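# Architecture at a glance
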Amino acid sequence: MFFGLAEGVSYPTIAATLLFAYILVVAIRRRYFSSISDIPGPFVASFSVLWEIWSIIGGHIEFKTIALHEKLGYFVRISHNEVSVSHPEGVRKILLNPIRKADWYKVMALLDHRFQTPMSEVDPKMRVERAKNVAAAYSLSHIIKFEPYVDGAISLLSKRLDELASVSKPVEFDKWFNYMAFDVIGEVTFSNAFGFLESGKDLGGSIANSRVLTLYVTLAGFFYSFHKYTLGNPIVNKLNLMPQQHIFDTTKRAIQMRQKNPDVRNDMLSLWLQQLKEYPDRFKENDMYGVVNATVGAGADTACLKETWRLHTPVALGLARVVPKEGLTIGGRFFEPGTKLSIHQWVIHRSKESFGEDANEFNPSRWLEPRGQAMEQYYIPFGAGYNSCPGRNLARLEVSKAASTLVRDFDIRQVDPKQSWTYECHFTAVPYGWPCYVTRRGAL
Ligand code: HEM
């Protein structure tokens, strides 16, 4: 028997209706029949990732997540399969527990899946294995050897500030700190500064473009399968189509220049090249390129000190892990296997329960008071557990020296004293548009 289409009904109409019905069923199932249906959160988050995507694009996911926790409590459903956790047990049970990372991290194989790094590896055991290949380069005993080069970059920065001061030109610190961070990471990784401080310019547009790249990568992590077959595809990358990949071109050029440099030191790259030679079966050339890209990308983002890192934490996206097969109980609430649980560092760092009633205030002396010691367990600017930041030694060295030198040597005042600090949080908190006048202390 043959059924024809009713008059006025076309195949596209039927396809659209079926698609709509499918989306509706999925949304209803996620909203009402998921193991986290009872957890409060924005309506749109109960059936999609749209709340997270929209908040990341908006540039202030950190304050939105804090506000939700203040209103709704320890657990907030921020997407159909992710719960943001602010319970004091969260750091220990989610980050210090060696459980799988969320698939979002897979996007951190940059430019594409051939360049795996410890960051992109979601399995904790494999991540630890990968990290072993590169760990020595980040160790304090290795990093400390680069102190003279950090000092050199700070002196050059001071010289540039003197030049700007002499013509009363406002200083855009966000740019100059970025230049310094790039040059330091160049010295530590390739035995050569990139030349940002020397030229006083964003060479090749690397810094401006890395903002676009960061936003793209942060969003693409939520749609990894799609990214992998589109812009994260090796063919697309060979054609140079990855959005704003200038930073990787800059890194590639730095590696090429280093090969011609007769004066290379025992830099990070030399340790990784040695590893490549000694363990070719477990550390391959693409792994090395991946790690170099991750180090330059992460290392060039550095900003300020302990209380500042608490109040203005550089990473502004929840660190997400996946509940293991035996499930996980936090604060008396059981979470089923496969649920994504994330720790948002801004939420943890501004918790009044952990940091006191003055949690939203800049009060460095909290760390010197008796309560300071108990606060340490909730202080996680560099993450915590097996996936914590390997670059923390360099970050601490560089930021402590730069901040203290600048505060010692310069008077700094805003061009517009009433302007509040401006920054955007997509993946990291990136300051912009906050010009200041500087004058050398003691100068007439
Ligand atoms: C203020 C400065 C910095 C802060 C606050 C910071 C913080 C972080 C955080 C929170 C993570 C992710 C942890 C997670 O996903 O669980 C991370 C990862 C990472 N950071 Fe940093 N970082 C800083 C500077 C640096 C520097 C200077 C370098 C390079 C020398 C660096 C290299 C990395 C790398 C390679 C990863 C990937 C970690 C992995 O192996 O999985 N970071 N960082």
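These figures come from a predicted structure and were not determined experimentally.

What counts, and at which threshold
Residues numbered from 1 in each chain as written. Predicted model: local features only at pLDDT ≥ 70, side-chain atom pairs only at ≥ 80, totals over all residues. Heavy atoms only, no water. UniProt positions renumbered as here; feature names shortened; annotations may be inferred. Helix = DSSP H or I, 4+ residues; strand = E, 2+ residues; numbered from the N terminus. Buried < 20%, exposed > 50% of the residue type's maximum accessible area, 1.4 Å probe, protein only. Near = heavy atom within 4 Å. Polar contact = N/O pair within 3.5 Å; in protein donor to acceptor, adjacent residues only side chain to side chain. Nonpolar A, V, L, I, M, F, W, Y, C, P; charged D, E, K, R; others polar. Pairing = 2+ DSSP bridges. Axes fitted to C-alpha atoms, helices over the stretch in contact; angles between N-to-C directions. Contact = heavy atoms within 4.5 Å. Salt bridge = Lys/Arg side-chain N within 4 Å of Asp/Glu carboxyl O.

### A closer look at the UniProt feature "binding site: heme" (unreviewed entry) in the protein
UniProt's entry tags C389 with the feature "binding site: heme" (unreviewed entry), counted in the numbering of this structure. For C389, the location among the structural elements is in the loop between α19 (372-375) and α20 (392-409). Among the residues examined, C389 registers a relative accessible area of 27% and is labelled partly exposed.

### So, the site of the ligand
Taken together, 25 residues sit near the ligand, with Y105, R127, R321, N387 and C389 positioned nearest. Within the side chain of R321, a nitrogen or oxygen atom sits 2.8 Å from an oxygen atom of the ligand. Within the contact set of the ligand, an oxygen atom lies 2.8 Å away from a side-chain nitrogen or oxygen of N387. Within the residue set of the shell around the ligand, elements represented by two or more residues are α5 (124-138), α15 (285-299), β3 (319-322) and α20. Within the shell around the ligand, the residues separate by chemical class into 16 nonpolar, seven polar and two charged.

### A few points about the sheet that holds strand β6 (residues 340-343)
Strand pairs in the sheet, formed through backbone hydrogen bonds, run parallel or antiparallel to each other. Across the sheet, which stays open at both edges, the four strands sit in the order β1-β2-β6-β3 with mixed pairing between neighbours. The open sheet has two edge strands with one neighbour each: β1 (75-79) and β3. The sheet shows a mean angle of 35° between the axes of neighbouring strands, direction not considered. Relative to β1, helix α3 (residues 61-72) is tilted by about 140°, and along the sheet it contacts β1 and β2 (82-85).

### Focus on the pattern of salt bridges
All told, the structure shown has 22 salt bridges when counted by the stated rule. R114 is the salt-bridge partner of D112, the closest N and O atoms lying 2.8 Å from each other. When its relative accessible area of 0% is taken as the criterion, D112 is described as buried. Notably, a salt bridge pairs E163 with R160, separated by 2.9 Å at the nearest N-O pair. With E163 and R160 both in helix α7 (residues 147-166), this residue pair falls three residues apart, about one helical turn. Within this structure, E307, R310, D358, R366, E369 and R371 form a network of salt bridges that share partners.

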